[in-house]
Amino acid sequence: MARQVLDVIKVAIVGITGYAGVEAARLVLNHPEFKLTFAGSQTFKGQKLCDVYTHLRGITDIVCEEPDVEKIAQAADAAIVALPHGASMKMTCDLAEKGLKVVDLSADYRYDNIDIYEKVYGIKHEYPEWNKKAVYGIPELYREKIKEAPVVANPGC
């Protein structure tokens, strides 16, 4: 039986020029059901991603843009937030509030217990209500919850 092809999912990546962001871009660009529609980078705004990372030449001509929640919400169905711990917190929340499915690559939504997060990272968690909605992204354990969650907290190293 042939696998049913789904509609293409439009994906935004915020923090695309960092290590985790460009690795996420590589995966998205090589996935048959994903299309990279927004490349968020403050450092390299206005530059083509393939000029920043030359191994992407011939694969994408997408231009890096200043991350803007409204623009991202119009351009994408889902977002990968590849910002550092603390910086990711607000962007993840704002995108989820716009209805996007968000995968956060930082640790901002990994801990069920906010007190532990704050102790480990030394910063206050500003969005505990979204932390309660986030699901830890291990499909072997939480496959059904991940399908419904607005925020998926990507497991770290």
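Residues numbered from 1 in each chain as written. Predicted model: local features only at pLDDT ≥ 70, side-chain atom pairs only at ≥ 80, totals over all residues. Heavy atoms only, no water.

**Brief notes about the pattern of salt bridges**
One pass over the full model with this rule turns up seven salt bridges. The partner of Glu23 in a salt bridge is Arg26, with the nearest N and O atoms 2.9 Å apart. One end of the pair, Glu23, and the other, Arg26, are both in helix 1 (residues 19-29), three residues apart, so they sit about a helical turn from each other. With a relative accessible area of 34%, Arg26 lands in the partly exposed category. With its nearest N and O atoms 3.0 Å apart, the salt bridge here joins Glu66 to Lys45. In this pair, Glu66 sits in the loop between strand 3 (64-65) and helix 3 (69-75) while Lys45 sits in the loop between strand 2 (34-40) and helix 2 (49-52), placing the two residues 21 residues apart along the sequence. Judged by relative accessible area, which is 32%, Glu66 ranks as partly exposed. (Salt bridge = Lys/Arg side-chain N within 4 Å of Asp/Glu carboxyl O. Helix = DSSP H or I, 4+ residues; strand = E, 2+ residues; numbered from the N terminus. Buried < 20%, exposed > 50% of the residue type's maximum accessible area, 1.4 Å probe, protein only.)

**With respect to helix 4 (residues 88-97)**
Buried residues dominate helix 4, accounting for eight of its 10 residues. Those residues of helix 4 lying buried are Ser88, Met89, Met91, Thr92, Cys93, Asp94, Leu95 and Ala96. Positioned one or two residues after helix 4, Gly99 has a phi angle of 95°, which is positive.

**Things to note about the packing of aromatic side chains**
Within this structure, the stated rule accounts for three aromatic pairs. Within the aromatic cluster, the residues linked to one another by ring pairs are Tyr111, Tyr117 and Tyr121. (Phe/Tyr/Trp six-rings, centres within 6.5 Å; stacked < 30°, edge-to-face > 60°.)

**Thoughts on the sheet that holds strand 3**
Taking strand neighbours across the sheet as the criterion, the seven strands line up as 3-2-1-4-5-7-6 in an open arrangement whose pairing is parallel. Strands at the two margins of the open sheet, each flanked by one partner only, are strand 3 and strand 6 (135-136). Across six bridges, the pairing between strand 1 (residues 9-14) and strand 2 is parallel. Counted as the bridge partner of Lys10 is Lys35 from strand 2. Here helix 1 sits on the sheet and contacts strand 1, strand 2 and strand 4 (78-81); the angle it forms with strand 1, its principal contact strand, is near 165°. (Pairing = 2+ DSSP bridges. Contact = heavy atoms within 4.5 Å. Axes fitted to C-alpha atoms, helices over the stretch in contact; angles between N-to-C directions.)

**A look at the environment of Ser88**
Here Ser88 shows up in helix 4. The residues touching Ser88, leaving out its near neighbours within four places in the chain, are Val81, Leu83, Asp104, Ser106 and Asp108. In terms of polar contacts, Ser88 uses its side chain to reach the side chain of Asp104, at 2.3 Å. (Polar contact = N/O pair within 3.5 Å; in protein donor to acceptor, adjacent residues only side chain to side chain.)

**So, helix 5 (residues 114-121)**
Since the α-helix turns once every 3.6 residues, residues separated by three or four places project in the same direction. Its side-chain oxygen 2.8 Å from the backbone nitrogen of Asp115, Asn113 forms the N-cap of helix 5. Positive backbone phi, approximately 70°, marks Gly122, located one or two places after helix 5.

**With respect to the nonpolar core**
Among the nonpolar cores identified, the biggest contains 22 residues, and Ile72, Leu95, Leu100, Tyr109 and Trp130 are the most heavily contacted of them. Of all the secondary-structure elements, those providing two or more residues to this core are strand 1, helix 3, strand 4, helix 4 and strand 7 (151-153). Ranked by residues supplied to this core, first place goes to helix 4 with five residues. Setting aside anything within four residues of it in sequence, one finds Trp130 in contact with Cys93, Ala96, Glu97, Tyr109, Pro150 and Val151. (Core = buried A, V, L, I, M, F, W, Y, C linked by side-chain atoms within 4.5 Å.)

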